[in-house]
Structures are given as C-alpha cells and as structure tokens.
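Each chain, written out:
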Amino acid sequence: MDQATLILIKPDGLKKSLTGNILTRLSETKLEIVAAKVARASEELAIEHYKHLKDKPFFEELIHYIKGELHDRRKVMALIYWGEGAIIKCRELAGATNPEEAEPTSIRGAYGRITTSGVYENVIHVSANDQDAEREIQLWFQPDEIIVDLYPTKIITEKTDKIRVWG
Ligand code: DAT
Ligand code: MG
C-alpha cells in the first residue's frame, strides 16, 4: 500500500550541513519525494506538531529546538516521501528517538546527540503512523504543494480568489 510520511530535517541537521547526507540515506528507500520545501516552524505550528508531548518536562525545550532557537537556524526542511511502506522504511533509517540508543549506522545514531540540558537533538522527524502522517502533512503543507492527491480537499473562495484547502 502506498503510504506518505512527513520528514523534517530539523534545525540541528541544517546547521550541521547534513541535508545532502540525510537525503542520500533516504534515497536508499527508493521512495518518491512528492513535496519539499524550506519552512519555518511558528510557535503555533511547533506546538501543534508536538501536541502529543505537551505534558512532558522537555516540551518547552522541544518547541525552542524545532523553531530553531537553539541553532540560530529558524527553519527546517520539510519533505513528503511516498510509496510502499514509507513510514517503516524511513523510521528504520532514522533510528530510535533517543540518539544514544539509535543504531550507530542510523541517521540519528550517526548524527544525533543529547545536549547537556537533556534535549534529544536527533536531526530528523519521521511521522510515526498513518494517522500522524495525515495530520502532520496537513499542518506543514497546502494541497497544491504536493504533486499527488493524498487526502480529500475542497475549494474555498477567499475574497475573489478560489483556493484549495484540506477538506
Ligand atoms: P519520534 O520523534 O521518534 O517520533 P516522539 O514523537 O516520541 O519521537 O518525540 C518527538 C521528539 O521529542 C523526539 O524526536 C525528541 C523529543 N523527545 C522525545 N522523548 C524525549 C525525552 N525523553 N527527552 C528529551 N527529548 C525527547
Ligand atoms: Mg513522533
């Protein structure tokens, strides 16, 4: 079954100039990239993206991290990978959440670290399941930024412009 997953190269990945390495690793999956852009996580987007963790002690630092405030890089690279088993394939390459526990050859194992204040700087985000992927993709992308139709959309009229939004 074709599946979509959101990938974020996080601000530490950008600061460490890892974009090329990470995309090369992900190309091993033979999945198709169906959307890509550099984007900024606003406070609202960051909180919405990580809302499942809002009660965790590290939540505030996590929001600073994804906004780029810890790396002086207020951006991430956002991509959608699409194809058979996209989520499991990308999560396997990414490795475990805790970079110290991740396989040394995985992306997080090779490039991640835990800071002295306990933030997991693990260079990449991969959606965990289909439900998360749908929610996250709709947060980070507009329908017309994606070259395949992943989810239902609708056309709305704003002033005189017709625009396509998630349905
Ligand atoms: P994943 O990113 O592997 O899907 P998650 O959704 O549970 O993991 O957590 C999101 C991010 O939050 C994760 O990439 C890094 C951070 N994080 C998770 N658990 C943490 C912990 N115990 N201490 C510090 N940061 C943590
Ligand atoms: Mg997650």
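Higher on the page you've got the structure.
Residues numbered from 1 in each chain as written. Chains lettered and ligands numbered in written order. Predicted model: local features only at pLDDT ≥ 70, side-chain atom pairs only at ≥ 80, totals over all residues. Heavy atoms only, no water.

Caption draft 1: Representation of the pattern of salt bridges in the model. All told, the structure shown has nine salt bridges when counted by the stated rule. Here Glu43 and Lys67 are joined by a salt bridge, their closest N and O atoms 2.6 Å apart. With Glu43 in helix H3 (residues 43–49) and Lys67 in helix H4 (residues 59–67), the pair connects residues that are 24 residues apart, well separated along the chain. Relative accessible area serves as the criterion here: at 15%, Lys67 is assigned to the buried category. (Salt bridge = Lys/Arg side-chain N within 4 Å of Asp/Glu carboxyl O. Helix = DSSP H or I, 4+ residues; strand = E, 2+ residues; numbered from the N terminus. Buried < 20%, exposed > 50% of the residue type's maximum accessible area, 1.4 Å probe, protein only.)

Caption draft 2: Looking closely at the sheet that holds strand S2 (residues 32–39). Read across the sheet, four strands follow the order S2-S3-S1-S6 without closing on themselves; strand pairing throughout is antiparallel. Taken across any chain shown, the strands that pair with only one partner, and hence form the sheet edges, are S2 and strand S6 (124–126). Averaged over all adjacent pairs, the angle separating strand axes in this sheet is 15°, with direction ignored. Here strand S1 (residues 2–9) pairs with S6 via three bridges, running antiparallel. Pairing of Ile9 across the sheet is with Ile124, part of S6. The strands touched by helix H5 (residues 86–94) within the sheet are S1, strand S3 (76–84) and S6, with S1 carrying the most contacts at an inclination of about 30°. In this fold helix H7 (residues 130–140) packs onto S1, S2, S3 and S6, with an angle of close to 55° to the strand it touches most, S1. (Pairing = 2+ DSSP bridges. Axes fitted to C-alpha atoms, helices over the stretch in contact; angles between N-to-C directions. Contact = heavy atoms within 4.5 Å.)

Caption draft 3: Focus on the site of ligand 1. Taken together, the residues surrounding ligand 1 are Lys10, Tyr50, His52, Leu53, Phe58, Leu62, Arg91, Thr97, Arg108, Gly118, Tyr120 and Asn122. In the environment of ligand 1, an oxygen atom lies 3.1 Å from a nitrogen or oxygen atom belonging to the side chain of His52. Note that an oxygen atom of ligand 1 is positioned 2.5 Å from one of the side-chain N or O atoms of Thr97. Relative to its unbound accessible surface of 520 Å², ligand 1 loses 81% to contact with the protein. (Near = heavy atom within 4 Å. Polar contact = N/O pair within 3.5 Å; in protein donor to acceptor, adjacent residues only side chain to side chain. Areas by Shrake-Rupley, 256 points an atom, 1.4 Å probe, with all protein chains shown as cover.)

Caption draft 4: Structural view of the environment of Ile87. Within the secondary structure, Ile87 is located in helix H5. Taking the C-alpha atoms as reference points, Ile87 and Thr153, 66 residues apart in sequence, are found 23 Å from one another. Ignoring any residue separated from it by four or fewer positions in sequence, one finds Ile87 in contact with Gln3, Ala4, Thr5, Val126, Ser127, Ala128, Asn129, Asp130 and Ala133.

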